[in-house]
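Chains, contacts and geometry: an overview
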Amino acid sequence: EPEVTQTPSHQVTQMGQEVILRCVPISNHLYFYWYRQILGQKVEFLVSFYNNEISEKSEIFDDQFSVERPDGSNFTLKIRSTKLEDSAMYFCASSTGLVTSNEQFFGPGTRLTVL
Amino acid sequence: AQSVTQPDIHITVSEGASLELRCNYSYGATPYLFWYVQSPGQGLQLLLKYFSGDTLVQGIKGFEAEFKRSQSSFNLRKPSVHWSDAAEYFCAVGAGRLSFGNEKLTFGTGTRLTIIP
(Lines give C-alpha, C1' and ligand atoms only; values in the text may rest on other atoms or scores of the structure.)
Protein backbone atom coordinates (compact mmCIF):
# COMPACT_ATOMS: atom_id res chain seq x y z
CA GLU A 1 0.00 0.00 0.00
CA PRO A 2 1.43 3.41 -0.89
CA GLU A 3 2.55 5.54 2.01
CA VAL A 4 4.09 8.87 2.83
CA THR A 5 7.72 8.62 3.87
CA GLN A 6 9.83 11.12 5.79
CA THR A 7 13.53 11.51 6.41
CA PRO A 8 15.29 11.69 8.72
CA SER A 9 13.30 10.11 11.52
CA HIS A 10 15.23 12.18 14.07
CA GLN A 11 17.24 15.35 13.54
CA VAL A 12 19.30 17.06 16.22
CA THR A 13 20.59 20.55 15.50
CA GLN A 14 22.08 23.55 17.22
CA MET A 15 20.04 26.69 17.67
CA GLY A 16 20.49 29.03 14.71
CA GLN A 17 21.30 26.27 12.24
CA GLU A 18 19.28 25.54 9.13
CA VAL A 19 17.45 22.24 8.79
CA ILE A 20 15.66 20.62 5.90
CA LEU A 21 13.05 17.99 6.55
CA ARG A 22 12.20 15.75 3.64
CA CYS A 23 9.02 14.01 2.62
CA VAL A 24 8.00 11.80 -0.27
CA PRO A 25 4.22 12.05 -0.68
CA ILE A 26 2.10 9.36 -2.27
CA SER A 27 2.81 9.46 -5.97
CA ASN A 28 -0.60 10.42 -7.41
CA HIS A 29 -1.41 12.97 -4.71
CA LEU A 30 -1.61 16.63 -5.58
CA TYR A 31 -1.90 18.38 -2.23
CA PHE A 32 0.84 18.43 0.36
CA TYR A 33 0.93 19.58 3.96
CA TRP A 34 3.20 20.07 6.91
CA TYR A 35 1.99 19.82 10.49
CA ARG A 36 3.89 19.90 13.73
CA GLN A 37 3.28 18.49 17.18
CA ILE A 38 5.15 19.90 20.14
CA LEU A 39 5.64 17.21 22.76
CA GLY A 40 2.44 16.60 24.68
CA GLN A 41 0.41 19.03 22.60
CA LYS A 42 -1.97 18.79 19.69
CA VAL A 43 -1.09 18.53 16.05
CA GLU A 44 -0.97 21.98 14.42
CA PHE A 45 -1.25 22.91 10.76
CA LEU A 46 1.72 24.73 9.28
CA VAL A 47 1.23 24.95 5.53
CA SER A 48 -0.52 23.46 2.53
CA PHE A 49 0.94 23.33 -0.97
CA TYR A 50 -0.60 22.77 -4.36
CA ASN A 51 0.51 23.33 -7.92
CA ASN A 52 3.94 24.50 -6.78
CA GLU A 53 2.71 27.22 -4.51
CA ILE A 54 1.52 27.67 -0.96
CA SER A 55 -2.25 27.40 -0.65
CA GLU A 56 -2.55 28.35 2.97
CA LYS A 57 -0.24 28.89 5.92
CA SER A 58 -0.74 29.34 9.61
CA GLU A 59 0.63 32.10 11.80
CA ILE A 60 3.31 29.66 12.94
CA PHE A 61 4.69 29.52 9.41
CA ASP A 62 6.71 32.73 9.49
CA ASP A 63 9.63 33.90 7.36
CA GLN A 64 11.92 31.33 8.94
CA PHE A 65 9.98 28.55 7.25
CA SER A 66 9.82 27.66 3.60
CA VAL A 67 8.56 24.73 1.55
CA GLU A 68 9.62 23.43 -1.79
CA ARG A 69 8.91 20.66 -4.21
CA PRO A 70 12.34 20.43 -5.83
CA ASP A 71 11.46 17.54 -8.11
CA GLY A 72 8.53 15.33 -8.96
CA SER A 73 8.67 13.31 -5.78
CA ASN A 74 10.09 15.22 -2.82
CA PHE A 75 8.46 17.86 -0.65
CA THR A 76 10.69 19.70 1.80
CA LEU A 77 10.30 21.95 4.81
CA LYS A 78 13.22 24.27 5.56
CA ILE A 79 13.73 26.12 8.78
CA ARG A 80 16.38 28.78 8.18
CA SER A 81 17.50 29.55 11.70
CA THR A 82 16.17 27.11 14.23
CA LYS A 83 14.99 28.17 17.65
CA LEU A 84 14.56 26.08 20.79
CA GLU A 85 10.80 26.30 20.39
CA ASP A 86 11.00 24.65 16.96
CA SER A 87 11.65 21.36 18.72
CA ALA A 88 8.71 19.19 17.76
CA MET A 89 7.56 16.26 15.67
CA TYR A 90 6.96 17.39 12.10
CA PHE A 91 4.47 15.46 10.02
CA CYS A 92 4.12 15.56 6.28
CA ALA A 93 0.79 14.64 4.72
CA SER A 94 -0.63 14.35 1.24
CA SER A 95 -4.04 13.99 -0.35
CA THR A 96 -5.54 13.48 -3.78
CA GLY A 97 -7.76 16.52 -3.50
CA LEU A 98 -10.72 14.56 -4.78
CA VAL A 99 -13.92 15.36 -2.94
CA THR A 100 -14.82 11.71 -2.75
CA SER A 101 -11.60 10.73 -1.05
CA ASN A 102 -10.41 13.86 0.63
CA GLU A 103 -8.37 12.33 3.37
CA GLN A 104 -4.85 13.23 4.28
CA PHE A 105 -2.30 10.48 4.63
CA PHE A 106 0.37 11.19 7.18
CA GLY A 107 3.97 10.16 7.25
CA PRO A 108 5.66 8.76 10.37
CA GLY A 109 7.13 12.14 11.27
CA THR A 110 10.55 13.67 11.86
CA ARG A 111 11.45 14.46 15.43
CA LEU A 112 13.42 17.72 15.46
CA THR A 113 15.45 18.51 18.55
CA VAL A 114 17.01 21.98 18.77
CA LEU A 115 19.76 22.35 21.36
CA ALA B 1 -12.58 29.65 12.50
CA GLN B 2 -12.94 25.94 12.95
CA SER B 3 -12.08 24.27 16.24
CA VAL B 4 -12.26 20.89 17.91
CA THR B 5 -12.72 20.05 21.56
CA GLN B 6 -11.89 16.70 23.07
CA PRO B 7 -13.00 17.07 26.68
CA ASP B 8 -11.36 13.90 27.97
CA ILE B 9 -7.58 14.12 28.27
CA HIS B 10 -7.16 10.56 29.54
CA ILE B 11 -9.53 7.60 29.66
CA THR B 12 -8.90 4.21 31.23
CA VAL B 13 -10.98 1.25 30.13
CA SER B 14 -10.87 -2.45 30.97
CA GLU B 15 -10.11 -4.80 28.13
CA GLY B 16 -13.35 -6.04 26.62
CA ALA B 17 -15.34 -3.06 27.81
CA SER B 18 -17.02 -0.59 25.50
CA LEU B 19 -15.48 2.75 24.66
CA GLU B 20 -16.72 6.17 23.71
CA LEU B 21 -14.40 9.10 23.05
CA ARG B 22 -16.01 12.50 22.79
CA CYS B 23 -15.41 15.12 20.14
CA ASN B 24 -17.17 18.43 19.63
CA TYR B 25 -16.43 20.71 16.73
CA SER B 26 -17.14 24.26 15.73
CA TYR B 27 -17.60 25.09 12.09
CA GLY B 28 -20.09 27.22 10.23
CA ALA B 29 -21.08 24.72 7.56
CA THR B 30 -21.04 20.98 7.13
CA PRO B 31 -17.56 19.89 8.08
CA TYR B 32 -15.36 17.02 7.09
CA LEU B 33 -14.63 15.04 10.28
CA PHE B 34 -11.90 12.57 11.02
CA TRP B 35 -10.57 10.38 13.77
CA TYR B 36 -6.87 9.56 13.79
CA VAL B 37 -4.95 7.26 16.11
CA GLN B 38 -1.33 7.70 17.14
CA SER B 39 0.62 4.95 18.84
CA PRO B 40 3.68 6.00 20.85
CA GLY B 41 6.43 7.25 18.58
CA GLN B 42 4.33 6.65 15.50
CA GLY B 43 2.57 8.78 12.93
CA LEU B 44 -1.13 9.37 12.53
CA GLN B 45 -3.32 6.64 11.16
CA LEU B 46 -6.80 7.41 9.88
CA LEU B 47 -9.50 5.42 11.69
CA LEU B 48 -12.53 6.82 9.91
CA LYS B 49 -13.97 9.87 8.24
CA TYR B 50 -17.28 11.62 7.65
CA PHE B 51 -17.89 13.67 4.54
CA SER B 52 -21.63 13.41 3.93
CA GLY B 53 -24.50 10.96 3.84
CA ASP B 54 -25.00 8.32 6.50
CA THR B 55 -24.20 9.85 9.86
CA LEU B 56 -22.91 6.58 11.31
CA VAL B 57 -19.56 5.74 9.78
CA GLN B 58 -17.56 2.58 10.15
CA GLY B 59 -13.82 2.57 10.31
CA ILE B 60 -10.91 0.24 10.71
CA LYS B 61 -10.18 -1.90 13.77
CA GLY B 62 -13.86 -2.13 14.68
CA PHE B 63 -14.32 1.58 15.39
CA GLU B 64 -17.37 3.62 14.45
CA ALA B 65 -18.42 7.24 14.89
CA GLU B 66 -21.68 9.10 14.69
CA PHE B 67 -22.06 12.61 13.34
CA LYS B 68 -24.71 14.56 15.23
CA ARG B 69 -25.20 17.96 13.68
CA SER B 70 -27.56 19.16 16.42
CA GLN B 71 -24.92 18.51 19.05
CA SER B 72 -21.89 19.41 16.90
CA SER B 73 -20.42 16.10 17.91
CA PHE B 74 -18.56 13.24 16.29
CA ASN B 75 -17.98 10.69 19.05
CA LEU B 76 -15.88 7.61 18.48
CA ARG B 77 -17.09 4.26 19.75
CA LYS B 78 -15.95 0.67 19.98
CA PRO B 79 -18.05 -2.09 21.52
CA SER B 80 -15.15 -4.06 22.97
CA VAL B 81 -11.62 -2.70 23.32
CA HIS B 82 -8.43 -4.71 22.95
CA TRP B 83 -5.12 -4.06 24.68
CA SER B 84 -3.71 -3.00 21.30
CA ASP B 85 -6.14 -0.08 21.21
CA ALA B 86 -4.07 1.77 23.81
CA ALA B 87 -2.94 4.92 22.01
CA GLU B 88 -3.66 8.62 21.59
CA TYR B 89 -6.80 9.46 19.63
CA PHE B 90 -7.26 12.71 17.76
CA CYS B 91 -10.43 14.14 16.34
CA ALA B 92 -9.98 16.56 13.45
CA VAL B 93 -12.16 18.82 11.37
CA GLY B 94 -11.62 20.02 7.83
CA ALA B 95 -13.58 22.71 6.09
CA GLY B 96 -16.13 21.00 3.90
CA ARG B 97 -15.63 22.88 0.70
CA LEU B 98 -16.77 20.73 -2.16
CA SER B 99 -14.51 21.97 -4.90
CA PHE B 100 -11.11 21.76 -3.30
CA GLY B 101 -9.13 19.13 -1.54
CA ASN B 102 -6.49 21.28 0.05
CA GLU B 103 -8.20 21.92 3.32
CA LYS B 104 -6.15 22.13 6.46
CA LEU B 105 -7.12 19.92 9.33
CA THR B 106 -7.70 21.34 12.77
CA PHE B 107 -7.01 18.82 15.49
CA GLY B 108 -8.27 18.44 19.01
CA THR B 109 -5.88 18.06 21.90
CA GLY B 110 -6.27 14.31 21.89
CA THR B 111 -7.47 11.66 24.31
CA ARG B 112 -5.01 9.16 25.69
CA LEU B 113 -6.55 5.72 26.04
CA THR B 114 -5.19 3.28 28.59
CA ILE B 115 -6.40 -0.32 28.62
CA ILE B 116 -6.24 -2.33 31.83
CA PRO B 117 -6.37 -6.14 31.83
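Further up the page is the structure itself.
Remember, predicted model here, so these are calculated numbers, not experimental data.

1. Overview of the pairing of strand E11 (residues 110-114) of chain A
Residue and element names in this part refer to chain A. Of the two faces of E11, the one lined by Thr 110, Leu 112 and Val 114 is fully buried and the one lined by Arg 111 and Thr 113 carries no buried residue. Sheet topology note: the strand E2 (residues 10-13)/E11 ladder contains 4 bridges and is parallel. Residue pairing for E11: His 10 is matched across the bridge by Arg 111. By the bridge criterion, 3 bridges tie strand E9 (residues 88-95) to E11 in an arrangement that is antiparallel. What sits directly across from Met 89, in E11, is Arg 111.

2. Looking at the pairing of strand E2 (residues 10-14) of chain B
Residue and element names in this part refer to chain B. Burial along E2 is one-sided: the face carrying Ile 11 and Val 13 is buried and the face carrying His 10, Thr 12 and Ser 14 is not. In this sheet, strand E12 (residues 111-116) lies alongside E2 in parallel orientation, the contact comprising 5 bridges. In the sheet register, Val 13 faces E12, and the bridge partner there is Ile 115.

3. A short note on the state of the cysteines
Scanning the entire structure with this criterion turns up 2 disulfides over all chains. Disulfide pairing is shown between A:Cys23 and A:Cys92; the S-S distance is 1.9 Å. With the S-S dihedral at roughly -65°, the linkage between A:Cys23 and A:Cys92 falls on the left-handed side. In this pair, A:Cys23 is assigned in strand E3 (residues 19-24) and A:Cys92 in strand E9, connecting sequence segments 69 residues apart. A disulfide bridge connects B:Cys23 with B:Cys91, and the sulfur atoms are separated by 2.0 Å. Between B:Cys23 and B:Cys91 the sulfur-sulfur dihedral comes to about -65°; the bridge is accordingly left-handed. In this pair, B:Cys23 is assigned in the loop between strand E3 (19-21) and strand E4 (24-26) and B:Cys91 in strand E10 (residues 87-94), connecting sequence segments 68 residues apart. Like B:Cys91, B:Cys23 is buried.

About the cut-offs
Residues numbered from 1 in each chain as written. Chains lettered and ligands numbered in written order. Predicted model: local features only at pLDDT ≥ 70, side-chain atom pairs only at ≥ 80, totals over all residues. Heavy atoms only, no water. Buried < 20%, exposed > 50% of the residue type's maximum accessible area, 1.4 Å probe, protein only. Helix = DSSP H or I, 4+ residues; strand = E, 2+ residues; numbered from the N terminus. Pairing = 2+ DSSP bridges. Disulfide = S-S within 2.5 Å.

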